[in-house]
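Topology and contacts: notes
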Amino acid sequence: MAYSGFLSHPLSFQVSGVLSARLPVTISTSSDRNPNSVMAVLEERSSKHKVPHVLTVAGSDSGAGAGIQADLKTCAALGVYCSTVITAITAQNTVGVQGVHPVPEEFVAEQLRSVLTDMQVDVVKTGMLPSIGIVKTLCRILKEFRVRALVVDPVMASTSGDVLAGPSILAGLWKELLPMAVIVTPNLKEASALLGGVQLATVDDMRSAAKSIHDFGPRYVLVKGGDLPAPLDAVDVFFDGENFHELRAARIKTRNTHGTGCTLASCIAAELAKGSSMLPAVQVAKRYVETALDYSKDIVIGSGPQGPFDHLFKLKRNVCSSSRRGFNPNDLLLYAITDSRMNKKWGRSITDAVKAAIEGGATIIQLREKEAETREFVELAKACLEISRSHGVLLLINDRVDVALASDADGVHVGQSDMSPRIARALLGPEKIIGVSCKTPEQALQAWADGADYIGCGGVFPTSTKANNLTVGLDGLKTVCLSSKLPVVAIGGIGVGNAGSVMEIGVPNLKGIAVVSALFDRECVSSETKKLHSVLMDVLSMPK
Ligand SMILES: Cc1ncc(COP(=O)(O)OP(=O)(O)O)c(N)n1
Ligand SMILES: Cc1ncsc1CCOP(=O)(O)O
Ligand SMILES: [Mg+2]
C-alpha cells in the first residue's frame, strides 16, 4: 500500500523552504480520479483541516522525562500531532538508566512503514538510535518516503551520563543521517563525539564545532552550551552555513532537567511542522524549554538527582488535591455571589466576606468583582481559593475565564454576552465547572450543547444589584427548569422572605438559590447566611 511522496498542503512551501536544496519535495499530481483510490482519499483529506504532524523516532523512557514520552508531551503542548517509532526500550528513572533493550531493526522498519504509508508526516525528529543497523534502516526508509524535514538530535548519553548509543553509530550519522537533516542539535558532549573527541570549552569552540558539523551536510546546526562552566548564561550557538547566532537564556537552578534535549528538538520539529522557518522555530523552542524548567523547578518526581519537568504546565495544580473535589448539583443549594461595593460599604474585605459566608453555610461561592483590575482579581481569587478549599467549598469566577485559569479556580460563570461556554470549556478543560445564565429554553438547550454544568436562571424577582436585567418570574424559572436536564440555580431578588416560594415551584432540577445583596449588603454576613440556610433546610425537610 506504499505511495511515494507526500501530498502538497498549505505548509509545504514554507517547510520545503526550510529544507532548501538538500531534500527536494515531491508533490504528487495524481491523474487517478477513482474516488476510492488512496490518492483520491488523501486529496480529499488534504482539503480538510490538516493537522501538523511530527513523527518521532526515538527510545522509550520508562520514567517518562525524556525520549518518546518527552516528544509526545512537547508536541501535545504545542498543538501538533505526534506519531512514534520506538527504537529502544529503556528502563530508567531519576537516578539513571538501569537497562536498554534495542528494538530489532526489522521492527523499527515495520513501525516506520506503518506510519509513513498512512499518515501525512510533516517533520521527522530522531532521538536515540541505538545501533548502526537502526541508523541505516531509518535512512533507507526516509529516502523511500522522501520526508519533508528531518530534525536530528544526536543522542549519545542520558542526562545521568549513561550511554544510550555507542560510537559505532557515528559513521551512520556522518555519512547518511546528517546529510539528510535540516538541523542537528548536539550538546557539547555530542558535538565533541561527532567531531572525534575534540575538547569544547568556550563559545568560540562551539562556533568552530558548529561549522565543522555543518560540513557533514545538515542545513543548520545548533550546538547547545548548557554544559559550559556555571557562571555563564546558557548559550547555544546556531549556524546557518553563513552566519552565527548566539542564543542566550538565564540558567534555571533546578534538578528537573531530564529530557531538555529531546524536548528542545521536538519543539523545533513541532514549530517547523506548523510552518515556521528555522531561526524562529529554534527561538520558540528555547523559550518553551526555559519556561517549562522555570515553572517546574520545585516539583518533586522521583528521588534521584535528575527529575523530569512539566511539559504541560498542569502538574502543580494537583499538588493539594486532597482539598479538591468534583461538582455535585447539590452544591448549588446556597450560592453566595460577592459584590465588592457592598462589602466595601460594610467595611470588610472580600476574603473576610467569603469566609463568613462559608461559615454561615454557603455551599458554593462566586467572585463577581466587576471593578477589579486583572492582577488584583487573580490575587484575590487565589486568596479566596485557599479559604474555600480549606472548607471543601467550590469557588467560581464571574465572567473572567482568564482569571479562572490564572488562579486555577474551580470554574467560571458566564452570561449570554460573555465568552461562549464552548470556548470557555476548550480553554478550561473538562474538569472545571461552567455555569451559564439562561432566561429561555433555547438558551438552556444551547448551554447544555456547549458543555455547561449548570444553569443560573433569573432575575426571578426585580433586583437593584444588576441593572437592566429582565425579570422572568417564577413561571419563567419553571419553564427553563422543565426544558433542561441541567441543574438550575435561581437568581435575582431572592432572600429570606421569598427563598421558600422559589424552592417550592416543584421541579426536581431546581437545586438552589443564588444571592448577592441578601448576604453581602448586610451588616453580618455569617448570620444572614445562617438564616437563609435554615430556610432552605426547612424546605428540604418538607414532605414532597
Ligand atoms: C449563578 C449565577 N447566575 C446568573 C448570573 C448572571 O450572570 P450574567 O448574566 O453574566 O451577569 P453578570 O453576573 O455577569 O452581571 C450569575 N452571575 N451567577
Ligand atoms: C447577577 C444577577 N443576574 C441576574 S439577577 C442578578 C443579581 C442578583 O443579585 P441579588 O441577589 O442582590 O438580587
Ligand atoms: Mg457575566
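Per an unreviewed UniProt entry, the chain goes by the name Thiamine phosphate synthase and belongs to Macleaya cordata. Looking at the chain in UniProt, the text filed under Cofactor (unreviewed entry) is "Mg(2+)". Entered under Function (unreviewed entry) in the UniProt record, the comment concerning the chain runs "Essential for thiamine biosynthesis. Bifunctional enzyme that catalyzes the phosphorylation of hydroxymethylpyrimidine phosphate (HMP-P) to HMP-PP and condenses 4-methyl-5-(beta-hydroxyethyl)thiazole monophosphate (THZ-P) and 2-methyl-4-amino-5-hydroxymethyl pyrimidine pyrophosphate (HMP-PP) to form thiamine monophosphate (TMP)."

So, on to the nonpolar core. In this structure, Ile365, Leu367, Ile397, Leu477, Leu510 and Ile513 are the most contacted members of the largest nonpolar core, which totals 77 residues. Broken down by element, this core gets its largest block of residues, seven residues, from helix H13 (residues 374-390). Beyond its immediate sequence surroundings of up to four residues, isoleucine 365 is in contact with Tyr335, Ala336, Val354, Ala357, Ile358, Val393, Leu394, Leu395 and Leu396.

As for its placement among the helices and strands, lysine 439 is situated in the loop between strand S14 (433-438) and helix H16 (441-449). Taking the C-alpha atoms as reference points, lysine 439 and arginine 140, separated by 299 residues in sequence, lie 64 Å from one another. Not counting chain neighbours up to four residues away, the residues in contact with lysine 439 comprise Gly458, Gly459, Asn469, Leu470, Val472 and Val480. For lysine 439, the side chain forms a polar contact with the side chain of asparagine 469, separated by 3.0 Å.

Turning next to the pattern of salt bridges. Pairing of side chains with opposite charge becomes possible as their charged atoms draw close. Applying the stated criterion across every chain, the model contains 23 salt bridges. For lysine 136, the salt bridge goes to glutamate 176, with nearest N and O atoms at 3.4 Å. On the criterion of sequence distance, the pair formed by lysine 136 in helix H5 (residues 132-145) and glutamate 176 in helix H6 (residues 170-180) is long-range, its members being 40 residues apart. Looking at glutamate 176, the relative accessible area reads 19%, which means it is buried. Between aspartate 294 and lysine 297 there is a salt bridge; the shortest N-O distance is 2.7 Å. Its relative accessible area of 37% is what places aspartate 294 among the partly exposed residues. We classify lysine 297 as partly exposed; its relative accessible area is 39%. In the salt-bridge network here, residues are joined through shared partners; they are Lys50, Asp122 and Arg148.

A separate point is the sheet that holds strand S12 (residues 394-398). Taken in spatial order, the eight strands of this closed barrel run S10-S11-S12-S13-S14-S15-S16-S17, and their pairing is parallel. Sheet twist, expressed as the mean angle between neighbouring strand axes with direction ignored, is 25°. Alignment of strand S11 (residues 364-367) against S12, held across four bridges, turns out to be parallel. In the sheet register, leucine 367 faces S12, and the bridge partner there is isoleucine 397. Where helix H17 (residues 473-483) meets the sheet, it contacts S14, strand S15 (454-458), strand S16 (488-491) and strand S17 (510-515), and its direction lies at approximately 160° from that of S15.

Surrounding ligand 2, one finds Arg368, Thr463, Thr465, Lys466, Asn469, Ile491, Gly492, Gly493, Val515, Val516 and Ser517. Take threonine 465: an N or O atom from its side chain is 2.5 Å from an oxygen atom of ligand 2. In the environment of ligand 2, an oxygen atom lies 2.9 Å from a nitrogen or oxygen atom belonging to the backbone of valine 516. Out of a free accessible area of 370 Å², ligand 2 has 92% covered by protein chains. In terms of residue class, the shell around ligand 2 is built from three nonpolar, six polar and two charged.

Surrounding ligand 1, one finds 16 residues, the nearest of these being Arg368, Lys370, Asp418, Ser437 and Lys466. With respect to ligand 1, the side chain of lysine 370 contributes an N or O atom lying 2.6 Å from an oxygen atom. One of the side-chain nitrogen or oxygen atoms of serine 437 is found 2.8 Å away from an oxygen atom of ligand 1. Within the complex, 90% of the 420 Å² of free accessible area of ligand 1 lies under protein. Of all the secondary structure elements, the ones that give two or more residues to the shell around ligand 1 are strand S10 (334-337), strand S13 (411-414) and S16. For the shell around ligand 1, the per-class residue count stands at five nonpolar, six polar and five charged.

Here the focus is the UniProt feature "domain: Thiamine phosphate synthase/TenI" (unreviewed entry) in the chain. According to UniProt, the positions carrying the feature "domain: Thiamine phosphate synthase/TenI" (unreviewed entry) are residues 334-519. Annotated as residues 334-519, this span is 41% helix and 20% strand, and its ends, taken at the C-alpha atoms, are 11 Å apart.

Glancing now at the coordination of the magnesium ion (ligand 3). Within the first shell, the magnesium ion (ligand 3) binds the protein through Asp399 (OD) and Asp418 (OD), at distances of 2.0 to 2.1 Å. Separated by 19 residues along the polypeptide, aspartate 399 in the loop between S12 and helix H14 (401-407) and aspartate 418 in the loop between S13 and helix H15 (421-428) bring together distant segments of the chain.

Reading the values: the criteria
- Residues numbered from 1 in each chain as written.
- Chains lettered and ligands numbered in written order.
- Predicted model: local features only at pLDDT ≥ 70, side-chain atom pairs only at ≥ 80, totals over all residues.
- Heavy atoms only, no water.
- UniProt positions renumbered as here; feature names shortened; annotations may be inferred.
- Core = buried A, V, L, I, M, F, W, Y, C linked by side-chain atoms within 4.5 Å.
- Buried < 20%, exposed > 50% of the residue type's maximum accessible area, 1.4 Å probe, protein only.
- Helix = DSSP H or I, 4+ residues; strand = E, 2+ residues; numbered from the N terminus.
- Contact = heavy atoms within 4.5 Å.
- Polar contact = N/O pair within 3.5 Å; in protein donor to acceptor, adjacent residues only side chain to side chain.
- Salt bridge = Lys/Arg side-chain N within 4 Å of Asp/Glu carboxyl O.
- Pairing = 2+ DSSP bridges.
- Axes fitted to C-alpha atoms, helices over the stretch in contact; angles between N-to-C directions.
- Near = heavy atom within 4 Å.
- Areas by Shrake-Rupley, 256 points an atom, 1.4 Å probe, with all protein chains shown as cover.
- Nonpolar A, V, L, I, M, F, W, Y, C, P; charged D, E, K, R; others polar.
- Donors = N, O, S within 2.8 Å, 3.2 Å for Na, K, Ca; no water.

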